[in-house]
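One letter stands for each residue in the lines below.
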Amino acid sequence: MSEYEITQWRKRLERKGWLGLSWSSPPIDRLVEYHVVWQGWLISGRCRLDDENRVDWWEPETPQYLRARKHGVSDGVWRQAKGQGEEVGQARRKFT
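As a starting point, this report considers the structure included with it. (Residues numbered from 1 in each chain as written. Predicted model: local features only at pLDDT ≥ 70, side-chain atom pairs only at ≥ 80, totals over all residues. Heavy atoms only, no water.)

### Here's the deal with the environment of Trp 9
Point 1. Within the element layout of this structure, Trp 9 appears in helix α1 (residues 3-15).
Point 2. Excluding anything up to four places from it in sequence, Trp 9 contacts His 35, Val 37, Leu 42, Asp 75, Gly 76, Val 77 and Phe 95. (Helix = DSSP H or I, 4+ residues; strand = E, 2+ residues; numbered from the N terminus. Contact = heavy atoms within 4.5 Å.)

### Points about the packing of aromatic side chains
Point 1. All told, the structure shown has 1 aromatic pair when counted by the stated rule.
Point 2. Ring centres 5.4 Å apart and planes at 80° place the aromatic pair Trp 9 and Phe 95 in the edge-to-face group. Residue Trp 9 is located in helix α1, and its partner Phe 95 is located in the segment after β5 (89-94); the two are separated by 86 residues in the primary sequence.
Point 3. Cation over ring: Arg 92 sits above Trp 41, and NZ or CZ is 4.0 Å from the ring centre.
Point 4. In this structure, Lys 94 packs its charged tip against the face of Trp 41, placed 4.8 Å from the ring centre. (Phe/Tyr/Trp six-rings, centres within 6.5 Å; stacked < 30°, edge-to-face > 60°. Lys NZ or Arg CZ within 6 Å of the ring centre and 35° of its normal.)

Shown next, in the form of structure tokens:
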């Protein structure tokens, strides 16, 4: 995927109410949903950053790493999760 295509993907999601990671950081005390393009992969998930292990900041593909370090991240979006239940997790697929 080219930078242009990734930017267009982000802009489509922003028009649907998502916030760009470059412009806004998700709150750490609320359940959020996110999509991040990292090294050609689309990583999607739900988490409450406060509940995550702080040492994961150094581990690639963890929510903290993708949000804070942004190493290898092409772009990303987030939004507050619609339901604040405890369902959390992460999935990864090739970004096409």
